[in-house]
Amino acid sequence: MAIQSYQKPDDKGYYGKFGGAYIPEMLHRNVEELVSKYMDIIYSASFQKEYNNLLKDYVGRPSPLFLAERLSKQFNTTIYLKREDLNHTGAHKINNAIGQVLLAQRLGKKRIIAETGAGQHGVATATVCALMGLECIVYMGAVDIERQAPNVARMKMLGAKVIAATSGSQTLKDATNEAIRDWINNPTDTHYVIGSVVGPHPYPDMVARFQSIISEEIRWQLKEKTGSELPTHVIACVGGGSNAAGAFYHFLDEPSVKLVAVEAAGLGVDSGMSAATTKLGSIGVLHGSKSIVMQTEDGQVVEPHSISAGLDYPGIGPLHAHLFDSGRGIFLSATDEESVQAAFNLTKQEGIIPALESSHALAGLHQLNLTDKDVVVLCLSGRGDKDMSTYMKYVDAE
Amino acid sequence: MSRIQEIFKHKNSNVLNVYCTAGFPKLDSTLEVMRALQDNGADLIELGMPYSDPLADGPVIQASGSIALKNGMTIANLFKQLKDFRKEINVPVILMGYMNPVLQYGFERFCADAAAVGVDGLILPDLPQYEFETEYGDIIKKYGLDFIFLVTPETSEERVRQIDELSSGFLYAVSSSSTTGNEKDFGLVEKYLQRLQNLKLKNPVLVGFGIKDKQTFASAAKHANGAIIGSAYIKALNENSNVKVATKEFLHAVLG
């Protein structure tokens, strides 16, 4: 019997009806070069050796799988936290940044560009570029530069040039536009490190592969702790969807494992201030792939809202669009308020301050009818240091 | 023979295509701008449909699109404005835009409405070759529209030939691998255009990106059938709110 795999897109980059490479001709050569070379390069012995050594000794992998006992008791179930927050630079983003920069070196590229929203992907990319001695330019929305000052300072100290995207709404979507334009203008010496499972083929597949280390580790770690590789649920937050893609990857073709994606509802799905793409979006083309996009009836992309800058994106990776469309994934959403409450709860119960992004996954726990028979793995994608000023506003308000 | 092919039959050098943004500078300026372009010597008009995320455009054109969107321009509004435009405008008109608004409008409905009002061709830079061949190309042809693909200095000879086969009307040669409005060394551009010229392609070639005045138009037109001006004209409209005067002065400076 032929079993459909959710892991791999077809050779044109489609997951079901989502994906592809909707790019202007000016990007064709660069994207085609990636398509023709990425698999050979990343599965070569020398790449694997260097990548795995850096993940181990530089990032600190494997990241622990922690049994959160007091949190489990609250939900009358068993909850493990996959501690991506303990990675160097504080989030899962570094897994992909290392992979892509190593790839760029092997393609002979001298100049690295990236987009960033909250700054986590920008910091991760700037970090790897500092390590490798490569020029790094990070595009960031002018509005995000204002609200994420600590990460802007980190990138600058790491030697990256941070360029403000002043077009459009001046946030992540516009930073992505500016990064793509930079790549168009610098077609030979530059590699664009996209931070999520979005963009034209092969980016969604490539980024998912670099993040798949998360679920690869979960399988053997869970086996050590419980005797079984398979949990009943894997939960992760989804903006573009890179930590979710990594946490789901090696469970995509295990039908017994429920894959739970939690989007940012902002002030509420129907408030007009939300980033819950699967609830509010429709099929469209954004940043080079066909997916689900938040847009007006005239096809203009709308600016989403989330308290979490990392989830403040009006699209979703094509893999996730397919998981949603096919019913393989369970898509929930959590509001700003619910997520902040979940962050304070985790801090109180387990002594872990989560990133606002990861707090959405935690808030999703309330919406699942979990029992004592369930074994839940929740991807704690990042730590909350960058979000302290937001959290303190809530403390001060009380 | 399409209206675009007709132009090149009668004029195979120094063909001037000027880009303007629908709904810019004012919502109802679209026709006034098109009239002014025709009256002052534009051979073709490329009419941009504004989009929130125009990846292949530079900052000047994006800013004009943002203004047009604020003015309330939509594809539906545009077709209303264009309903009777063929009564007064006889130069070929090409709609340029991005896939997302067109998909949202309905791809076939878009082609049908475009053809019905008298539009001649389409430029959709983010419609890829594969999707054109498998899904959209037949719809475009069904409504008799020309489809213009882009080529760049990075496009291989083999690919240029494939794209030439798929295109009709003309080929849009990007003069440097850059978003519109960038200034690059024109010597390199000439070499690239010579290379294209030597391929003896089926379609005429118009050069776009970075052309702004008499001198750059002349250099571009030397090794191609003509050129496309975009950002420089939008800048002229930004500097002078009188569309007629701004267009006249600008085109006289280019063609004069």
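Quick notes on the rules
- Residues numbered from 1 in each chain as written.
- Chains lettered and ligands numbered in written order.
- Predicted model: local features only at pLDDT ≥ 70, side-chain atom pairs only at ≥ 80, totals over all residues.
- Heavy atoms only, no water.
- Helix = DSSP H or I, 4+ residues; strand = E, 2+ residues; numbered from the N terminus.
- UniProt positions renumbered as here; feature names shortened; annotations may be inferred.
- Buried < 20%, exposed > 50% of the residue type's maximum accessible area, 1.4 Å probe, protein only.
- Contact = heavy atoms within 4.5 Å.
- Phe/Tyr/Trp six-rings, centres within 6.5 Å; stacked < 30°, edge-to-face > 60°.
- Buried area = accessible area lost by both parts, 1.4 Å probe.
- Salt bridge = Lys/Arg side-chain N within 4 Å of Asp/Glu carboxyl O.
- Nonpolar A, V, L, I, M, F, W, Y, C, P; charged D, E, K, R; others polar.

Digging into unusual backbone geometry
For residues that are not glycine, phi is negative in most cases, and the peptide bond is trans in most cases.
Right, so step 1: Here the amide bond leading from A:Arg61 into A:Pro62 is cis, since omega sits at 0°, within 30 degrees of zero.
Right, so step 2: With respect to the helices and strands, A:Pro62 occurs in the loop between helix H2 (45–59) and strand E3 (65–67).
Right, so step 3: The omega torsion of the bond from B:Phe24 to B:Pro25 falls at 0°, within 30 degrees of zero and hence cis.
Right, so step 4: With respect to the helices and strands, the residue B:Pro25 is situated in the loop between strand E1 (15–21) and helix H2 (30–39).
Right, so step 5: Phi angles above zero are rare outside glycine, and A:Thr89 is one such case at about 75°.

Here's the deal with the UniProt feature "active site" (unreviewed entry) in chain B
All names here are of chain B.
Right, so step 1: Following the UniProt record, one finds the feature "active site" (unreviewed entry) at Glu 46 and Asp 57.
Right, so step 2: Within the fold, Glu 46 resides in strand E2 (residues 44–48).
Right, so step 3: Residue classification places Glu 46 among the buried positions, given a relative accessible area of 2%.
Right, so step 4: If we ignore the near neighbours within four places in the chain, the residues touching Glu 46 are Asn 17, Val 18, Tyr 19, Cys 20, Ile 94, Met 96, Ile 123, Tyr 172 and Ile 228.
Right, so step 5: Considering the arrangement of structural elements, one finds Asp 57 in the loop between E2 and helix H3 (59–71).

Describing the packing of aromatic side chains
Right, so step 1: Under the defined criterion, the tally for this structure stands at 18 aromatic pairs over all chains.
Right, so step 2: Between B:Phe8 and B:Phe170, the aromatic rings sit 6.0 Å apart at their centres with planes inclined by 50°, giving tilted as the arrangement. Of the two residues, B:Phe8 is situated in helix H1 (residues 3–10) and B:Phe170 in the loop between helix H8 (157–166) and strand E7 (171–174); the sequence distance between them amounts to 162 residues. Each member of the pair B:Phe8 and B:Phe170 is classed as buried.
Right, so step 3: Taking 4.5 Å as the distance between ring centres and 45° as the angle between the ring planes, the aromatic pair formed by B:Phe107 and B:Tyr136 counts as tilted. Residue B:Phe107 is found in helix H6 (residues 107–117), and its partner B:Tyr136 is found in helix H7 (residues 129–142); the two are separated by 29 residues along the sequence.
Right, so step 4: Look at B:Phe107 and you get buried, because its relative accessible area is 7%.
Right, so step 5: In this structure an aromatic cluster arises from ring pairing among A:Phe47, A:Tyr51 and A:Phe210.

Side note on the UniProt feature "modified residue: N6-(pyridoxal phosphate)lysine" (unreviewed entry) in chain A
Right, so step 1: Mapped onto this structure's residue numbering, the UniProt feature "modified residue: N6-(pyridoxal phosphate)lysine" (unreviewed entry) falls at A:Lys93.
Right, so step 2: Aside from chain neighbours lying at most four places away, what touches A:Lys93 is A:Gln120, A:His121, A:Ala124, A:Gly195, A:Ser196, A:Gln211 and A:Ser242.

Looking at the interface of chain B and chain A
Right, so step 1: Contacts between the two partners involve 37 residues from chain B, matched on the other side by 36 residues from chain A.
Right, so step 2: Surface buried jointly by chain B and chain A totals about 2900 Å² across both partners, of which 51% is contributed by carbon and sulfur atoms.
Right, so step 3: When the buried area of chain B at its contact with chain A is split by residue, B:Leu55, B:Gln104 and B:Glu154 rank highest and sum to 22% of it.
Right, so step 4: Connecting chain B to chain A are three salt bridges.
Right, so step 5: Ionic pairing is found between B:Glu154 and A:Arg29, a salt bridge with its closest N-O pair at 3.2 Å.
Right, so step 6: Looking at the side of chain B that touches chain A, the elements that each hand over two or more residues are H3, helix H5 (99–105), H7, strand E6 (150–151) and H8 of chain B.
Right, so step 7: The element that contributes the greatest number of residues to the side of chain B that touches chain A is H5(B), accounting for five residues.
Right, so step 8: For the side of chain B that touches chain A, a count of residues per class yields 18 nonpolar, twelve polar and seven charged.

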